[in-house]
Amino acid sequence: MNRRRREILRAADRLVAEQGIKALTVRNVAARTGIGASTLRYYFPTQQDLYTEVLGRTFDAQLDDLNIADRTLSPTQRLTECMTQFLPATDADVPQLAGWLRMYTATLEPDGAQTRLLSAFGQRARTRVDAWLATLDGEGALRPGSRNHHTLVLLAMIDGLCLGLITPDTPFTLEHAKAVLVDVVAGVVVDESTRTRSADDTS
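Overview of the structure.

Calculation notes
- Residues numbered from 1 in each chain as written.
- Predicted model: local features only at pLDDT ≥ 70, side-chain atom pairs only at ≥ 80, totals over all residues.
- Heavy atoms only, no water.
- Helix = DSSP H or I, 4+ residues; strand = E, 2+ residues; numbered from the N terminus.
- Buried < 20%, exposed > 50% of the residue type's maximum accessible area, 1.4 Å probe, protein only.
- Contact = heavy atoms within 4.5 Å.
- Lys, Arg positive; Asp, Glu negative; His and termini not counted.
- Charge placed at Lys NZ, Arg CZ, Asp CG, Glu CD.
- Patch = residues over 30% accessible without salt bridge, like charges linked within 9 Å, V, L, I, M, F, W, Y side chains within 5 Å.
- Areas by Shrake-Rupley, 256 points an atom, 1.4 Å probe, with all protein chains shown as cover.
- Salt bridge = Lys/Arg side-chain N within 4 Å of Asp/Glu carboxyl O.
- Core = buried A, V, L, I, M, F, W, Y, C linked by side-chain atoms within 4.5 Å.
- Expected span 1.5 Å × (residues − 1).
- Phe/Tyr/Trp six-rings, centres within 6.5 Å; stacked < 30°, edge-to-face > 60°.

### Some words on the overall build of the chain
Working step 1: When helices and strands are tallied, the chain shows ten helices and zero strands.
Working step 2: For the chain, the succession of helices and strands along the chain, N to C, is α-α-α-α-α-α-α-α-α-α.
Working step 3: Seen through its principal axes, the chain has C-alpha atoms that stretch 70 × 45 × 25 Å.
Working step 4: Residue burial in the chain is summarised as follows: out of 203 residues, 36% are buried.
Working step 5: Considering only contacts within the chain whose residues lie at least 6 apart along the sequence, 66% involve residues at least 24 apart.
Working step 6: Positive and negative charge centroids in the chain, built from 23 and 25 side chains respectively, lie 12 Å apart.

Right, dumping it as structure tokens:
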């Protein structure tokens, strides 16, 4: 990474840590870095580019590739493990989804910062899920359809599950959400045993 770009990102990280995401503007980061706004825009042409990079790295740190490349495990198991990271870890963590919902509702009356935050996280989520699917695609483990379509299906499912979990008086539980996740993943990937049976059926 270019030295100046690293300096900009370090300054942006400090700014967010001290003042919150609303302080993350081209003008503020340029001032903190000690450069002009035009120089910063050379590295990050738009405010959204800056948001996506700075906040996206925070998002990335919360996700792991886990066993996605471990072919001793089934594709379904590997992708389910990875996608489960988007759900609360325990029932006690479900209330934390309120912050996720606030980001979505803020876009109805945009205040700028929340909208850019949601966009940054959305872009990073699509990139990460697509990378997991690319690994499985290289093994011939994806069902027919574009990776982009599969990515959108998986992320739409996650949004729906999270909304279901925080709906007042819902009977929907985290256990239910994980069971639905398994079902949807099974519609995206094909395990080796399934591919073998299909080949035998056509022979």
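### Remarks on the environment of V54
Working step 1: By the element assignment, V54 lies in helix α4 (residues 47-61).
Working step 2: With a relative accessible area of 2%, V54 lands in the buried category.
Working step 3: Separated by 15 residues in sequence, V54 and A69 place their C-alpha atoms 27 Å apart.

### Considerations on a nonpolar patch on the surface
Working step 1: There is a patch of nonpolar side chains on the surface, built from L101, Y104 and L163 and spanning about 230 Å² of accessible area.
Working step 2: Within the secondary structure, L101 sits in helix α6 (residues 97-106).
Working step 3: According to the relative accessible area criterion, L101 is partly exposed, its value standing at 31%.

### Observations concerning the nonpolar core
Nonpolar side chains in soluble globular proteins generally cluster together in the buried interior.
Working step 1: By size, the foremost hydrophobic cluster in this structure holds 31 residues, and its most contacted members are L79, M83, F86, W132 and L154.
Working step 2: For this core, the secondary-structure elements that each account for two or more residues are α5 (75-84), α6, α7 (113-137), α8 (147-166) and α9 (174-186).
Working step 3: When residues in this core are grouped by element, the largest group, seven residues, is from α8.
Working step 4: Excluding residues within four positions of it along the chain, F86 makes contact with F59, L63, A125, V129, W132, L155, I158 and C162.

### Looking at the environment of D169
Working step 1: The topology assignment puts D169 in the loop between α8 and α9.
Working step 2: Distance in space between the C-alpha atoms of D169 and P75 is 35 Å, their sequence separation being 94 residues.

### Things to note about unusual backbone geometry
Most peptide bonds take the trans configuration, and most residues that are not glycine carry a negative phi.
Working step 1: With a phi angle near 45°, L66 is a residue other than glycine that sits in the positive phi range.
Working step 2: Examined against the element boundaries, L66 turns out to sit in the loop between α4 and α5.

### Section: α8
Working step 1: An ideal rise of 1.5 Å per residue puts 28 Å on 20 residues; α8 measures up with 29 Å between its terminal C-alpha atoms.
Working step 2: Where α8 is concerned, the buried positions are H150, T151, L154, L155, M157, I158, L161, C162, G164 and L165.

### Details of the pattern of salt bridges
Working step 1: Enumeration over the complete set of coordinates arrives at ten salt bridges.
Working step 2: Here R147 and D130 are joined by a salt bridge, their closest N and O atoms 2.9 Å apart. Placement of the pair is R147 in helix α8 and D130 in helix α7, with a sequence separation of 17 residues.
Working step 3: Using a relative accessible area of 30% as the deciding quantity, one classes R147 as partly exposed.
Working step 4: When its relative accessible area of 24% is taken as the criterion, D130 is described as partly exposed.
Working step 5: Through salt bridges with shared partners, a single ionic network connects R3, R4 and E7.

### Things to note about the packing of aromatic side chains
Working step 1: Enumeration according to the criterion identifies two aromatic pairs in this entry.
Working step 2: Considering the side-chain rings of Y42 and Y43, the 5.0 Å spacing of their centres and the 90° angle between planes classify their relative orientation as edge-to-face.
Working step 3: For Y42, a relative accessible area of 65% gives the class exposed.
Working step 4: Where F86 meets W132, the ring centres are 6.2 Å apart and the plane angle is 65°; that geometry is what we call edge-to-face. Here the residue F86 occupies a position in the loop between α5 and α6, and W132 occupies one in helix α7, the gap between them amounting to 46 residues.
Working step 5: Take W132: its relative accessible area is 1%, and that puts it in the buried class.

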